[in-house]
Amino acid sequence: MILLDPKHPNRSYPDLRSSEIMRKTIAFFEGKGKKKLLEDYYARLWYADFLEFVGKERIFASICTPAGEGAPDARWDTWRICEFAEILGFYGLQYWYTWQVSVLGLGPIWMSDNEALRKRAAQALEGGGIFAFGLSEKTHGADLYSTDMVLTRDGEGWRANGRKYYIGNGNEAAIVSIFGRFEESDEYVFFAADPRHPNYHLVKNVVASQNYVSEFELRDYPVREEDLMHRGRPAWNAALNTVNIGKVNLGWASIGICTHALYEAITHAHNRTLYGTRVTDMSHVRRMLVEAHARLVAMKLFALRAADYMRTAGSDDRRYLLYNPMVKMKVTTQGEAVINLLWDAIAAKGFEKDMYFGQAAIDIRALPKLEGTVHVNVALIAKFMPNFFFEPADYPEIGRQDHDRNDDFLFNQGSARGLGQIRFHDYRRAFDGIDLPNVHVFAAQAEAFREMLAAAPPGPDQMKDVDFLLASGEIFALVVYAQLILENARLYDIDEDLLDQIFEFMVRDASESALQLLGQPSSNDEQIASCREMMRKPLHDAPRYERVWSRHVETLDGAYAMRP
């Protein structure tokens, strides 16, 4: 089974330390128990016990320190990072969040030439420290152009003044990596700040949760040369490249949340009788559970494959810059779809305070809205469409990237420019040799979209029409999603029945997206005709559907329940 099962964590690792990290993290939460987990969640209790655990066991020190910067077991290994994010999401988004913002806070540090600061960060991680990423502001959000954090020359150093907003861990971070600009030159800068300094003023926690998502103000905060990480264009690149590293973790949090909720929902529904009928024998409930499971498996297949491309990235292979925002945008919105299906299946049970599901239903909504909204990420990936469809390049095939190595390139990504020049391998190769009815239908839909882009590409006015770009971007995203799912289905030997079940909802989603594009006020007659060609009915196979239910979904009844 490809889904996480905390009772039988079976992901392969080439080293004992990685397996130990996952087992100990699972054991911490199982030892805490569901009752205490939920009590802390609803009481909005700061997770000091979790931070004590990760400090004692050197968890963050091992997985958040690049090789050569810390202890021998430390490396930045996306393969193990993905499962760690999934496990944290499985038990609670709040635990994932304090780790995620530490990842973001560390990004500009590890990308810096400031060796002394990197050493400070490594020592802080060994001491159990957490980190913060001071980018967003209340008025401007994450609009880097408009930062009001200003450094004014003061002798040999500077004085920093300004506020930051929505900054996780801003209360207890060992180092806060802050983005601002120099008053004298207007050039950008990243610098390190200490929340314990008297000129660092913590204003408030802006959310009602276990997390501390801070607003803070610097008032004449002294900044020395040794506090600087980046200045000028490198500071801009560090901001965007850090997000490139961290945004994939949002998809993994969604996968973890949905997996826990799926176990709860199936076990509840399958053991409940209404009007003399087992609930899962009701056709609509069974359909919801089968589709939720299929969507979740697809989420994980795509995210795993995107990680492979992230690990093999280099200056001449930047395909990850399409797949990363796809994990953030597509996987997280699919997570919402999974929770919606499960909630419809279990109805009022999803509101109960002793169910993990109530927490999941709230937290799953956050992930599409963080690290850039879905709309921002769809607009980003639209830049890749021309080369993706019409200028394929030759790349060697890559396999599963589960090796125990440091992902060096992530902290040496270079310029954040030039997205329109990135080339991709031919997506159509992923469909070759797969003889499944719904895969064939989807391939025809993808080809109709490609032909539309060739014959009737978006005109100048449509390129300025955000709604039109979003509608076409959703179809593009589905093609990319299908490609990586098919590539990984081979690597993970996914059952053909399950794969065709996945493409049943993919065909339906593509048809719905085509209808959205057709309905745009600016769509022209040629585009409308192409959209009609894309609108296909999925091929339902009743025996295949029942095999998926019995072999993949029904077997999850009672397969996992968190220790009370």
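Look up: the structure comes first, before these words.
In this convention, every chain numbers its residues from 1, walking through the sequence in written order. Where totals are concerned, whole chains, interfaces and linings use all residues; where local detail is concerned, this predicted model gives features only for residues with pLDDT of at least 70, and gives and counts side-chain atom pairs only at 80 or more. As a rule here, side-chain values come from all non-hydrogen atoms in the structure, and water together with hydrogens is ignored.

(A) Region of the structure containing the overall build of the protein chain. Only DSSP runs of H or I reaching four residues or more are called helices, and only runs of E reaching two or more are called strands; each is numbered from the N terminus. When you go through the protein chain residue by residue, the secondary structure sums to 20 helices and 10 strands. Each radius of gyration is computed over the set of C-alpha atoms, and the globule rule expresses the reference value as 2.2 Å times the number of residues to the power 0.38. Compactness check: the protein chain gives a C-alpha radius of gyration of 24 Å against a globular reference of 24 Å for 564 residues, within 12% of the reference. Seen through its principal axes, the protein chain has C-alpha atoms that stretch 75 × 60 × 40 Å. In the protein chain, which comprises 564 residues, the proportion classed as buried is 62%. In the protein chain, the share of contacts with a sequence separation of at least 24, taken over all contacts with a separation of at least 6, comes to 80%. When the accessible area of the protein chain is evaluated, it comes to approximately 21800 Å², of which 51% is carbon and sulfur surface. Only four residue types enter the charge count, namely Lys and Arg as positive and Asp and Glu as negative; His and the chain termini do not. To locate a charge, take atom NZ for lysine, CZ for arginine, CG for aspartate or CD for glutamate. Charge centroids of the protein chain, computed over 64 positive and 78 negative side chains, lie 3 Å from each other. Burial classes: relative accessible area under 20% of the type maximum marks a residue as buried, over 50% as exposed, and values in between as partly exposed (1.4 Å probe, protein chains only). Note on definitions: a residue-residue contact is assigned when non-hydrogen atoms from the two residues lie within 4.5 Å. For the accessible areas, the method is Shrake-Rupley and the probe is 1.4 Å, while residue cover comes only from the protein chains on display.

(B) Region of interest: helix α6 (residues 93-110). Take the residue count of a helix, subtract one, and multiply by 1.5 Å to get its expected span. Between its first and last C-alpha atoms α6 spans 25 Å; for 18 residues at 1.5 Å apiece the expected length is 26 Å, and the two agree. Burial analysis of α6 places 18 of its 18 residues in the buried class, the great majority of the element.

(C) Structural detail: helix α8 (residues 233-246). The terminal C-alpha atoms of α8 lie 20 Å apart, and with 14 residues this matches the ideal 20 Å at 1.5 Å per residue to within 8%. In terms of burial, α8 is a largely internal element, 11 of the 14 residues being buried. Taken together, the buried positions of α8 are Ala235, Trp236, Asn237, Ala238, Ala239, Asn241, Thr242, Val243, Asn244, Ile245 and Gly246.

(D) View of the environment of arginine 287. Tracing the sequence through the fold places arginine 287 in helix α10 (residues 283-311). The partly exposed category is assigned to arginine 287, whose relative accessible area is 39%. Expressed as a C-alpha distance, the spacing of arginine 287 and tryptophan 549, which sit 262 residues apart in the sequence, is 9.0 Å.

(E) Representation of the nonpolar core. Formed by 186 residues in total, the largest nonpolar core has its most connected members in Phe50 and Trp99. At 18 residues, the largest contribution of residues to this core is made by α10. Setting aside residues no more than four positions away along its own chain, tryptophan 99 makes contact with Phe60, Ile63, Cys64, Ile81, Phe84, Ala85, Leu88 and Asn249. Here, nonpolar core refers to any group of buried Ala, Val, Leu, Ile, Met, Phe, Trp, Tyr and Cys residues whose side-chain atoms link them within 4.5 Å. Core analysis: the next-biggest nonpolar cluster, separate from the first, contains 19 residues, Met149, Val176, Phe182 and Phe191 among them.

(F) Spatial organisation of the pattern of salt bridges. Within this document, salt bridges are pairs made up of a side-chain nitrogen of Lys or Arg and a carboxyl oxygen of Asp or Glu, the two lying within 4 Å of each other. Summed over the entire model, instances satisfying the criterion amount to 48 salt bridges. The partner of glutamate 69 in a salt bridge is arginine 118, and the shortest N-O contact between them spans 2.9 Å. With glutamate 69 in the loop between α4 (59-63) and α5 (78-91) and arginine 118 in helix α7 (residues 115-126), the pair connects residues that are 49 residues apart, well separated along the chain. By relative accessible area, glutamate 69 is classed as partly exposed at 26%. A relative accessible area of 15% places arginine 118 in the buried class. One salt bridge in this structure joins arginine 219 and glutamate 217, with 3.1 Å as the shortest N-O distance. Overall, arginine 219 belongs to the partly exposed group, its relative accessible area being 41%. Residue glutamate 217 is classed as buried on the basis of its relative accessible area of 17%. Through salt bridges with shared partners, one network takes in Arg17, Glu20, Lys24, Glu57, Arg58, Asp73 and Glu126.

(G) Geometry of the packing of aromatic side chains. Here a pair means two rings of Phe, Tyr or Trp (six-membered ring of Trp) with centres within 6.5 Å. Their orientation is stacked below 30 degrees between planes, edge-to-face above 60, and tilted elsewhere. Going through the model one piece at a time under the given rule, you end up with 42 aromatic pairs. Arranged with centres 4.8 Å apart and planes meeting at 15 degrees, the rings of phenylalanine 28 and phenylalanine 53 form a pair that is stacked. With phenylalanine 28 in helix α1 (residues 16-32) and phenylalanine 53 in helix α3 (residues 48-56), the pair connects residues that are 25 residues apart, well separated along the chain. Taken as a pair, phenylalanine 28 and phenylalanine 53 share a single burial class, namely buried.

(H) Main features of the packing of helix α18 (residues 496-518) against helix α20 (residues 542-553). Only C-alpha atoms enter the line fits that serve as axes; for helices the fit covers just the stretch in contact. Angles between N-to-C directions range over 0 to 180 degrees. Two elements in contact, α18 and α20, have axes whose closest approach is 9 Å; the angle formed by their N-to-C orientations is 115 degrees. By the angle between their axes, α18 is roughly perpendicular relative to α20. For the crossing formed where α18 meets α20, the hand is left-handed. Listed contacts from α20 to Asp497, Leu498, Asp500, Gln501 and Glu504 of α18 are Arg544, Tyr545, Arg547, Val548, Arg551 and His552. Of the residues that constitute the contact of α18 with α20, the class distribution is 3 nonpolar, 2 polar and 6 charged. Should an angle lie under 35 degrees it is considered roughly parallel, over 145 roughly antiparallel, and from 65 to 115 roughly perpendicular; all remaining angles are considered oblique. By the definition used in this description, the sense in which the near helix is turned from the far one sets the handedness, with an anticlockwise turn below a right angle giving left-handed and a clockwise turn giving right-handed. Three classes are used: nonpolar for Ala, Val, Leu, Ile, Met, Phe, Trp, Tyr, Cys and Pro, charged for Asp, Glu, Lys and Arg, and polar for all others, with Gly counted as polar.

(I) Representation of the side chain of aspartate 5 in the model. Along the chain, aspartate 5 falls in the segment before α1. One buried charged residue, aspartate 5, forms no salt bridge at all, with the nearest opposite charge on lysine 7 at 6.5 Å. Non-local contacts of aspartate 5, meaning those with residues more than four positions away in its chain, are made with Tyr263, Ala559 and Tyr560.

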